[in-house]
Amino acid sequence: MPRPILATAHSQGLRHNLERARLSARDAKVWAVVKANAYGHGIERVFESFRAADGFALLDLAEAERIRALGWRGPILLLEGVFEARDLELCSRLDLWHTVHCDAQIDMLAAHKTHSAHRVFLKMNSGMNRLGFAPERFRAAWTRLSALPQVDEISLMTHFSDADGPRGIRHQMQTFEQAARDLPGDRSLANSAATLRHADEARGDWVRPGIMLYGSAPDFPAHDAEHWQLQPAMTLSTRLIGVQTLAAGDTVGYGSSFSADGPITIGIAAVGYADGYPRHCSTGTPVLVDGVRTRMVGRVSMDMITVDLTGVPSGRIGSEVTLWGRASGGALLSIDDVAQAAGTVGYELMCAVAPRVPFAVD
Ligand SMILES: *Cc1c(COP(=O)(O)O)cnc(C)c1O
């Protein structure tokens, strides 16, 4: 028998969350952002659930090919554009729309031989300072692009650094609107946080939700998934493979980082950092055993964790352990709660589920 660990992608949750994004987006079109192999869920596993999106947005050309191979004829957007000139051949062949964020990408386009002109998204650096043309250079880039026979329609995009936090998006919106004022073309501005929190200002023509589609609140802990009416899209579960009874003073695991105050029963669950469970979790990280919320104790090992069975009288070898997501009885443990205990965000946890973990879809 294989180890009992299993990741499950939930079609219903994915569909629900996409619908939730659509509700916030109102009449804007919705890119389903599926970069990083659909935030670790697997492009092939989420594809059917996201068919109702207006397009798929991602970075990796091989992932774009996989979406075309699934039969998708609609828009696909490369969020970072091309990395080298010959990527443009694939864009022509597969009809990929691509971001243009620097002069080198315009040079490549100008030298590209194609029968079909490309739809491009011209990116402005409105303050994030990663990719994009500076506001004062944006118009010149637009003018240069619009003169190229290789270019069909030009849309305008930018990306927010603080849509999830107190600084908000106003400063970037002002920069963007001023620099793009009378330029024609669709606008694409909002990630999940802006779609949920700043829809009125930043909706534009295309929203680009990612994390919310996967059931994680983009602005946790200010708001949680329940607040935004998002459903879990992934469950990571396993079973207890051992039980130990400890007396006061006994310790658990490497480094003896947990020591029992009094008699306590500990369950040993078949999951560890080699499965993608974060090693930074320590005593207190929430976990469900038989659907009952309890806590991890001690350190995360490569293949095992140890959990407190106080308050879980049913806990025994074979008991279901839910690391995040939905227990079979329906109890929920948000990936955001676990991420917080690990000092990180839901994004990182879902992207990090290891290849050795079998993956199902329900
Ligand atoms: C990843 C990404 C998104 C989606 O961001 P979320 O925070 O996951 O919603 C949107 N736009 C761009 C350019 C991205 O790279």
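Everything here concerns the structure above.
Here is a short report on the structure shown in this document. Throughout this document, residue positions are counted from 1 along each chain, in the order its sequence is written. With the structure being a predicted model, the display of local features is reserved for residues of pLDDT at least 70 and the display and counting of side-chain atom pairs for 80 or more, all residues being used for whole-chain, interface and lining totals. Based on all heavy atoms of the structure, the side-chain values leave hydrogens and waters out of the count.

Focus: helix H7 (residues 135-146)
Note: α-helices contain 3.6 residues per turn, so residues at a spacing of three or four share the same orientation.
Here's step 1: With 12 residues, H7 extends 17 Å between its outermost C-alpha atoms, agreeing within 8% with the 16 Å of an ideal straight helix rising 1.5 Å per residue.
Here's step 2: The cut-offs for exposure are 20% and 50% of the maximum accessible area for each residue type, with area from a 1.4 Å probe on protein chains only; residues under the lower value are buried, those over the upper are exposed, and the others partly exposed. For helices the rule is a DSSP run of H or I covering at least 4 residues; for strands it is a run of E covering at least 2, with both sets numbered from the N terminus onward. When we look at burial in H7, the residues that qualify are Phe138, Ala141, Trp142 and Leu145. All buried residues of H7 fall inside an arc of 105° around its axis, so they share one side.
Here's step 3: On its buried face, H7 is in contact with strand S5 (97-100), helix H6 (103-110), strand S6 (118-123), strand S7 (151-157) and helix H8 (170-180). How far a helix is expected to stretch is found by multiplying one less than its residue total by 1.5 Å. The arc in question is the one spanned by the directions pointing from the helix axis to the C-beta atoms. Any two residues whose heavy atoms approach within 4.5 Å at even a single point are treated as in contact.

Things to note about the pattern of salt bridges
Here's step 1: By convention in these notes, a salt bridge is any Lys or Arg side-chain nitrogen within 4 Å of a carboxyl oxygen on Asp or Glu. Considering all chains together, one arrives at 19 salt bridges under this definition.
Here's step 2: The salt bridge partner of arginine 295 is aspartate 308, with a shortest N-O separation of 2.9 Å. Residue arginine 295 is located in strand S15 (residues 292-297), and its partner aspartate 308 is located in strand S16 (residues 305-308); the two are separated by 13 residues in the primary sequence.
Here's step 3: Take arginine 295: its relative accessible area is 29%, and that puts it in the partly exposed class.
Here's step 4: Look at aspartate 308 and you get buried, because its relative accessible area is 7%.
Here's step 5: The salt bridge involving arginine 356 is made with aspartate 303; its shortest N-O contact spans 2.8 Å. Linking arginine 356 in the loop between helix H12 (346-351) and strand S19 (359-361) with aspartate 303 in the loop between S15 and S16, this pair joins segments that are 53 residues apart in sequence.
Here's step 6: One network of salt bridges, in which partners are shared, links Arg3, Asp275, Asp303 and Arg356.

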